Amino acid sequence: MRPDEIKSQQGENWDYEGILAFSKICKPTVGCPIALYQQRTHALLCPCHQSTFDLSDSGKVVFGPAAREMPQLPITVDSDGYLVAQSDFQQPVGPSFWERS
């Protein structure tokens, strides 16, 4: 998305010129692969339970049973021009039942 369309991120400077990286796995539900993106609204939809996340606003939940935002990965570009992660996800990836101890 355009950099000026980003409302907030889960950390400072976690995008590269409007490119954002989020988990492919829907964390709040049962771990479904998530990829239904609506470019106009920057919404990402989980096909399993219809939880919808606003990627322009830290991956926050805007609809559905999900209780937490999508985990975001901080990215940058290396000296060769490749997108690379600056660190790991700052929160667990996958459904919440994976977090039980």
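In what follows, the structure referred to is the one given above.
Report on the accompanying structure. In this text the structure is predicted, and so the values were computed from the model without any measurement.

Describing the overall build of the chain
Next, step 1: In terms of helices and strands, the chain carries zero helices and eight strands.
Next, step 2: For the chain, the sequential pattern of α-helices and β-strands runs β-β-β-β-β-β-β-β.
Next, step 3: Looking at the chain residue by residue over its 101 residues, the buried ones come to 38%.
Next, step 4: When contacts within the chain are restricted to residue pairs at least 6 apart in sequence, those whose partners lie at least 24 apart make up 43%.
Next, step 5: Approximately 6,000 Å² of the chain is accessible, and the part contributed by carbon and sulfur atoms is 51%.

Considering the nonpolar core
Next, step 1: Ile 6, Leu 20, Phe 22, Cys 26, Cys 32, Ile 34, Leu 44, Cys 46, Phe 53, Leu 55, Ala 66 and Met 70 together form the largest nonpolar core, which totals 12 residues.
Next, step 2: Each residue touching Ile 34, except ones within four places of it in the same chain, is listed here: Ser 23, Lys 24, Ile 25, Cys 26, Leu 44, Leu 45, Cys 46, Pro 47, Phe 53 and Met 70.

Here's the deal with the side chain of Ser 23
Next, step 1: Relative to the assigned elements, Ser 23 resides in the loop between strand 1 (21-22) and strand 2 (36-38).
Next, step 2: On the accessibility criterion, Ser 23 (5% relative accessible area) is buried.
Next, step 3: In terms of polar contacts, Ser 23 uses its side chain to reach the backbone amide nitrogen of Ile 25, at 3.0 Å.
Next, step 4: In this structure Ser 23 touches Ile 34, Met 70, Pro 71, Phe 89 and Val 93, once residues within four positions along its chain are discounted.

Some thoughts on the state of the cysteines
Chemically, a disulfide is nothing more than a covalent bond linking the sulfur atoms of two cysteines.
Next, step 1: Summed over all chains, the structure comprises one disulfide.
Next, step 2: As a non-bridged cysteine, Cys 26 has Cys 46 as the owner of its nearest cysteine sulfur, 3.6 Å distant.
Next, step 3: Note on Cys 26: relative accessible area 0%, which makes it buried.
Next, step 4: Looking at Cys 46, the relative accessible area reads 0%, which means it is buried.

Describing the sheet that holds strand 5 (residues 60-63)
Next, step 1: Ordered in space as 2-3-4-5, the four strands form an open sheet in which the pairing is antiparallel. Edge positions in the sheet fall to strand 2 and strand 5, since each of these pairs with one other strand and no more. Here the strands of the sheet are splayed against their neighbours by 30° on average, with no regard to which way each runs.
Next, step 2: Two elements, strand 2 and strand 3 (residues 43-45), share three bridges in a ladder whose sense is antiparallel. Bridging from a neighbouring strand, Tyr 37 pairs with Leu 44 of strand 3.

Comments concerning the side chain of Ser 56
Next, step 1: Of note, Ser 56 is situated in the loop between strand 4 (52-54) and strand 5.
Next, step 2: The exposure class assigned to Ser 56 is buried, which follows from its relative accessible area of 2%.
Next, step 3: Looking at Ser 56, its side chain comes within polar contact range of the side chain of Asp 54, at 2.6 Å.
Next, step 4: With sequence-adjacent residues up to four places away left out, Ser 56 is seen in contact with Met 1, Glu 5, Ile 6, Lys 7, Ser 8 and His 42.

Quick notes on the rules
Counting of residues starts from 1 at the beginning of each chain's written sequence and follows it residue by residue. Under the rules for a predicted model, residues below a pLDDT of 70 receive no local features and side-chain atom pairs below 80 are neither given nor counted, while totals for whole chains, interfaces and linings still include all residues. Water and hydrogen atoms were dropped before computing side-chain values, which therefore reflect all heavy atoms in the structure. Numbering of helices and strands runs from the N terminus; a helix is a DSSP stretch of H or I covering at least four residues, while a strand is a stretch of E covering at least two. Only protein chains enter the calculation, and the probe is 1.4 Å; a residue is then buried if its accessible area is under 20% of its type maximum, exposed if over 50%, and partly exposed in between. Two residues form a contact once any of their heavy atoms are found within 4.5 Å. All accessibility values rest on the Shrake-Rupley procedure with a 1.4 Å probe; residue burial counts only the protein chains present in the view. Definition used in this section: a nonpolar core is a set of buried Ala, Val, Leu, Ile, Met, Phe, Trp, Tyr and Cys residues joined via side-chain atoms within 4.5 Å. In the analysis that follows, any N or O atom pair within 3.5 Å is treated as a polar contact, provided that within protein one partner can donate a hydrogen and the other can accept it, and provided that, for residues neighboring in sequence, both atoms belong to side chains. The disulfide criterion is simple: two cysteine sulfur atoms within 2.5 Å. In this description, strands pair whenever DSSP reports at least two bridges between them. Axis lines are fitted through C-alpha atoms, for helices just across the contact stretch, and the angle between N-to-C directions can take any value from 0 to 180 degrees.

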